[in-house]
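Listed below are the residues making up each chain.
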Amino acid sequence: MAGLPPIVQSWFDGRGWRPRRHQLEMLDVAERGDHALLVAATGAGKTLAGFLPTLIDLIRYPAEGLHTLYVSPLKALAVDVRRNLLTPIEEMGLPIQVETRTGDTPSDRKARQRIRPPHILLTTPESLSLLLSYPDAALLFESLKTVIVDEVHAFATQKRGDLLSLSMARLQAIQPALRRVALSATVADVNAYRAWLAPDGDIERVTAVMGEDGADPDVAILIPEGRVPWSGHSGKYAARQVMAEIEARQTTLVFCNTRGLAELIFQELWQANENNLPIAIHHGSLSIEARRKVESAMAAGKLRALVATASLDLGVDWGNVDCVIQMGAPKGSSRLLQRIGRANHRLDQASEAILIPGNRFEYLEARAALDAVEAGERDADDFRPGSLDVLAQHVMGLACAGPFHTDAMLAEIQSATPYSALTAEAFDTVLHFIEGGGYALRAYDRFKRLTHDADGTWRVSHPRFVQQHRLNAGIIVDRPALTVRFANGRKLGTVEEGFASQLRPGDSFFFSGAALEVVRMETSDLLVRATSKQARIPSWGGTRMAMSTRLADRVRHFLAEPGEWHRFPNDVREWLEMQQARSALPQPGQLLIETFPHEGRHYLVCYSFEGWNAHQSLGMLLTRRMDAQGLMPLGFVANDYSLAVYGLKPITDPASLFSADILDHEFIDWVEQSSLLKRAFRDVAVISGLIERQHPGKRKTGRQVTFSTDLIYDVLRKYQPDHMLLKAAWADARARMTDVGRLGDLIDRAAGTMLHVTLDRVSPLAVPVLILIGREQVAQSAAEDALLMEAEALVNEAMRAD
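From a predicted model like this one, the values you see are computed outputs, not experimental measurements.

Each value, and the rule that gives it
- Residues numbered from 1 in each chain as written.
- Predicted model: local features only at pLDDT ≥ 70, side-chain atom pairs only at ≥ 80, totals over all residues.
- Heavy atoms only, no water.
- Helix = DSSP H or I, 4+ residues; strand = E, 2+ residues; numbered from the N terminus.
- Buried < 20%, exposed > 50% of the residue type's maximum accessible area, 1.4 Å probe, protein only.
- Contact = heavy atoms within 4.5 Å.
- Areas by Shrake-Rupley, 256 points an atom, 1.4 Å probe, with all protein chains shown as cover.
- Core = buried A, V, L, I, M, F, W, Y, C linked by side-chain atoms within 4.5 Å.
- Pairing = 2+ DSSP bridges.
- Axes fitted to C-alpha atoms, helices over the stretch in contact; angles between N-to-C directions.
- pLDDT = per-residue confidence, 0-100.
- Parallel < 35°, antiparallel > 145°, perpendicular 65-115°, else oblique.
- Nonpolar A, V, L, I, M, F, W, Y, C, P; charged D, E, K, R; others polar.
- Left-handed = near helix turned anticlockwise from the far one by under 90°.

**Brief notes about the overall build of the protein chain**
Here's step 1: For the protein chain, the count of helices and strands is 30 helices and 28 strands.
Here's step 2: Out of the 802 residues in the protein chain, the part that is buried amounts to 57%.
Here's step 3: Summarising the internal contacts of the protein chain: among those between residues at least 6 apart in sequence, 73% fall at separations of at least 24.
Here's step 4: Of the roughly 32,300 Å² of accessible surface on the protein chain, 50% is carried by carbon and sulfur atoms.

**Some details on the nonpolar core**
Here's step 1: Counting 106 residues, the largest nonpolar core has Leu69, Phe141, Phe658 and Phe681 as the members making the most contacts within it.
Here's step 2: Listed in part, the 66 residues of the second largest apolar core include Trp230, Val321, Leu364 and Val637.

**Looking at the sheet that holds strand β19 (residues 508-511)**
By definition, the strands of a sheet pair up through backbone hydrogen bonds, in either a parallel or an antiparallel sense.
Here's step 1: Spatial ordering of the open sheet is given by β18-β17-β21-β20-β19, a layout of 5 strands whose pairing is mixed. Two strands bound the open sheet, and with one partner strand each, they are β18 (491-496) and β19. Between one strand axis and the next, the sheet turns by 40 degrees as a mean value, whatever way the strands run.
Here's step 2: Note: β19 against strand β20 (residues 514-521), 4 bridges, orientation antiparallel. Considered in β20, the bridge of Ser508 is made with Glu517.

**A word on unusual backbone geometry**
Here's step 1: The backbone of Asp200 sits at a positive phi, close to 60 degrees, despite the residue not being glycine.
Here's step 2: Taking relative accessible area as the criterion, Asp200 reaches 54% and is therefore assigned exposed.
Here's step 3: With a phi angle near 50 degrees, Asn276 is a residue other than glycine that sits in the positive phi range.
Here's step 4: Looking at the element boundaries, Asn276 is found in the loop between α11 (259-272) and β10 (279-282).

**Observations concerning the confidence of the model for the protein chain**
Here's step 1: Of all residues in the protein chain, 89% have pLDDT values of 70 or greater, and the mean over the chain is 85.
Here's step 2: Here residues 776-785 scores under 50 on pLDDT; set against residues more than four positions off or in separate chains, the count is 4 contacts.

**Things to note about the packing of helix α1 (residues 6-14) against helix α3 (residues 46-60)**
Working note: a packed helix pair is described by the angle between its axes plus the distance between those axes.
Here's step 1: Orientation of α1 relative to α3, taken along the N-to-C sense of each, is 140 degrees, at an axis distance of 10 Å. Classified by the interaxial angle, the pair formed by α1 and α3 is oblique. Here Ile7, Val8, Trp11 and Phe12 of α1 come into contact with α3, specifically with Leu48, Leu52, Ile56 and Ile59.
Here's step 2: Along the lines of polarity and charge, the residues of the contact of α1 with α3 split into 8 nonpolar, no polar and no charged.

**Some remarks on the packing of helix α2 (residues 21-32) against α3**
Here's step 1: The geometry of α2 relative to α3 is characterised by a closest axis approach of 9 Å and an angle of 50 degrees between their N-to-C directions. As summarised for this structure, α2 and α3 are arranged oblique, according to the angle between their axes. Crossing handedness for the pair α2 and α3: right-handed. Facing α2, whose interface residues are His22, Gln23, Met26, Leu27, Ala30 and Glu31, α3 presents Leu48, Ala49, Gly50, Leu52, Pro53, Ile56 and Arg60.
Here's step 2: Split by residue class, the contact of α2 with α3 holds 8 nonpolar, 3 polar and 2 charged.

Right, dumping it as structure tokens:
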């Protein structure tokens, strides 16, 4: 305590606190001028640890100008941190200004911040990138001493992390003495993050500070009505029991894995809410006004429960939350730990959480996640080279700030770890892409954004490209969407064009927790009014979260170790025992394939545990091969754990369907003929700045953007198939949209570990995936009843011992 200024020491004393060891270590690292990565449990005071050196420095050496930049992956997190950071500043009476700058900040405040910045600015990677695109950026950041990256695990391995790494490289060039600090509660590979954070990847310049261990979380799996369902993934059947948990606590956060599921669960809870407790919903498609209202109500302790998605996964510190409920499978131990940490938010008290599995496989996944959390195991992080479409956007942004020379810019970019291996040739490709779009597009002036002068400098070709960049820069490419609003103009949020196109006037859907009736559809708006009619749940696109590889390995271990089964509910144990008796259970590393007839069709079920995305891709490929072999395929269905394909002829040689060349031939053909690659190209074309989403005063519709990118895609495919953006689109399509890495692992494993079991009827393990057949198109209750009867018959057949 002797090293703290008296005013800070008095503040700690007044609260009956002492600085934690890791908070003092962060001060020591700052005194040395080193970079720091702090890994500490939620509730350990990470935010204060990150900012304490800043506060003390400003107390000792008061100064004007921007001192510290805090970068958050979420707008909501920046706002929440400002609220929590202002508390100690105000209680100590410090003349320190703290402001936020995100896409939601009014334009007049943004303009003022560039002229008279606060001492501490809280922002996002995208907003920081835009700040660097102004000619006065060097003046704004010349006094900058520290950059704090919060929740670094949430985006360092993604494109937003690429953009932030490039932005930090530019900040370091402006202010070489700049210190970088990163905070996280869930980092698996500390050294990988140290390398990502360090200038030039020099890991020795980043000190890892490990926080104190907190109390072990109190996590339970809720078994509704004493049984685990055969199918489903939402846990909605447990709505009444969840409501009972909410009634017994002060404030509960109910996490769902998708926005559609959040809307569904909110409706189920509202119907079970007999005491009319105040509950609300929060997800990324709701309007900013709706989200801020809910966040303020939570901070004020006015809500008993909040149904949320990943929009509230990170760092939102509401101390009155005393329980977290996860609806459906957690998908990863790191994500589960992150969500558990939202409860209690105190290091010395156990966070309470309840998992509600949607089916029997999800029970195994939930149990695996609990074991992983108890063992301190985190999900692996997949670092990869920086994306070239992000680099193109960054270079264009820096060109907006002023001319540059190739060699100096390349050296600066290579100091960002994701781009450390970028070659001069690859960088030259990026520069000439911005210069004219590539040789296939060089005849069009609208793609000539950079000019290479005779003296070797690069500059923006015309001022209109500067405005175009600032209007369109960003890494998150939302799907084309319509604004949902009432006739009086009040906005509720957005729904995707694909869902909106299915609606007609008079149709109704749930959104923002309310039932809405469509009045009419305009170019960019969906006009609605409140209704009491039966409504449907909206759907949003995007990649579904796959179970992490480490959880998948644990689930495989459960199947192979009957000695573990005594920990499971009776119906789960009986399910596995019957599977063991009638068929087989795969050993770790083994790929179990079952084939059997059922109701005039012939089925193949593959138990690979590689996630829905990989299984969807594999289903497409297998049915193509089945067709080529004359097996007359009819379709396929998948969940996170298995894939079932079915046709009119029996499959006697499954190994021929899984041969390794499937990724070299059928996969490439399928991707190129599907819309998958075009969607990926649309994203990289927008990120790289080739296609703009907005003109001054006008935003393009999703159809206009898609039409533009489709035209360019066809031109490049024909005339420049090696174009930088086509390569980037392929990389995205393979890695992000199809989980092709896991798909490749599956195919490789099949070659030497396939266990093919031929059965005379459906197996117990196949029931959860077969029940899905026909369900996605169900809209009428009568059809739903028929499917329930069919499912019951399927279960009886599978669990029959003879």
